[in-house]
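The residues making up each chain are set out below.
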Amino acid sequence: MPTRNEIEQHFRKYDRRTTENMRQLRREGRNIAVPVREPSKANREQLITRARFGQRKALEVINRNQPLIDPKGFPTPAAMQFRRWGYKLPKTKMEVRQILKQSRSYLRAVNNEE
């Protein structure tokens, strides 16, 4: 089982690689949302984008039964995407369901305000 430090290094490597890939896609003219890493510093539109991502990705993980931990014990890209968007790194499907519930409740609250 990897240590917390090894998992953090694994995430940083994934994050650097993904950030560079996203930059390249933006240079090519693609419209890719920037992850909201700190919800406390985000504006309303960014929080809505974050909640939509959380809902979409959580449903994808649950419906496709994607693993959250690889055989070596490291988080998979599916799990690290949540971390990249400012959510807690999920280790179980129940934690993914919590993210789904949190995202849906935020989106409902926003829709009720309008």
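Residues numbered from 1 in each chain as written. Predicted model: local features only at pLDDT ≥ 70, side-chain atom pairs only at ≥ 80, totals over all residues. Heavy atoms only, no water.

Asker: Looking at this model, I keep getting lost on the overall build of the protein. Mind explaining?
Answerer: Per the secondary structure count, the protein includes four helices and zero strands. A compact globule built from 114 residues would reach a C-alpha radius of gyration of about 13 Å, and the protein, at 15 Å, matches this within 12%. In terms of overall dimensions, the protein has C-alpha extents of about 45 × 35 × 25 Å along its principal axes. Within the protein, the fraction of its 114 residues that count as buried is 33%. Treating the 27 positive side-chain charges of the protein as one cloud and the 12 negative ones as another, the clouds have centres 3 Å apart. (Helix = DSSP H or I, 4+ residues; strand = E, 2+ residues; numbered from the N terminus. Rg over C-alpha atoms; globule rule 2.2 N^0.38 Å. Buried < 20%, exposed > 50% of the residue type's maximum accessible area, 1.4 Å probe, protein only. Lys, Arg positive; Asp, Glu negative; His and termini not counted. Charge placed at Lys NZ, Arg CZ, Asp CG, Glu CD.)

Asker: Help me understand unusual backbone geometry, please; the structure alone is not making it clear to me.
Answerer: Most of the time, phi is negative for any residue but glycine, and the peptide bond is trans. Its identity as a non-glycine residue notwithstanding, Asn 65 has a phi of 55°, on the positive side. Here Asn 65 lies in the loop between α2 (44–63) and α3 (77–84). Taking relative accessible area as the criterion, Asn 65 reaches 56% and is therefore assigned exposed.

Asker: I would appreciate a short explanation of the pattern of salt bridges in the present structure.
Answerer: Two side chains of opposite charge can pair, provided their charged atoms sit close to one another. One pass over the structure, following the stated rule, counts 11 salt bridges. Between Glu 8 and Arg 12 there is a salt bridge, and its shortest N-O distance comes to 3.9 Å. Of the two residues, Glu 8 and Arg 12 are both situated in helix α1 (residues 4–27); the distance of four residues between them amounts to about one turn of the helix. Judged by its relative accessible area of 43%, Arg 12 falls in the partly exposed class. Two residues, Glu 60 and Arg 64, come together in a salt bridge whose shortest N-O distance is 3.9 Å. We classify Glu 60 as partly exposed; its relative accessible area is 26%. Residue classification places Arg 64 among the exposed residues on the basis of a relative accessible area of 60%. Within the structure, one salt-bridge network assembled from shared partners comprises Glu 8, Arg 12 and Arg 83. (Salt bridge = Lys/Arg side-chain N within 4 Å of Asp/Glu carboxyl O.)

Asker: Looking at this structure, I do not really get the packing of aromatic side chains. What am I missing?
Answerer: Aromatic rings in a pair are described by how distant their centres are and how their planes are angled relative to each other. Tallying each qualifying case throughout the model produces four aromatic pairs. Measuring from centroid to centroid gives 4.6 Å for Phe 53 and Trp 85, while their planes differ by 15°, and the two rings are stacked. With Phe 53 in helix α2 and Trp 85 in the loop between α3 and α4 (93–113), this pair connects stretches of sequence that are 32 residues apart. Exposure class is identical for Phe 53 and Trp 85. Each is buried. On the numbers, 6.3 Å between centres and 80° between planes, the contact of Phe 82 with Tyr 87 is edge-to-face. By relative accessible area, Tyr 87 is classed as buried at 6%. Through successive ring pairs, a cluster of aromatic residues spans Phe 53, Phe 82, Trp 85 and Tyr 87. The cationic tip of Arg 83 hangs over the ring face of Phe 11; the distance from NZ or CZ to the ring centre is 4.2 Å. (Phe/Tyr/Trp six-rings, centres within 6.5 Å; stacked < 30°, edge-to-face > 60°. Lys NZ or Arg CZ within 6 Å of the ring centre and 35° of its normal.)

Asker: I tried to follow the side chain of Ser 103 on my own but got confused; where do I start?
Answerer: In this fold, Ser 103 is placed in helix α4. Judged by relative accessible area, Ser 103 falls into the buried class, the value being 2%. In this view, Ser 103 contacts Ala 51, Gly 54, Gln 55 and Tyr 87; residues no more than four positions away in its chain are not counted. (Contact = heavy atoms within 4.5 Å.)

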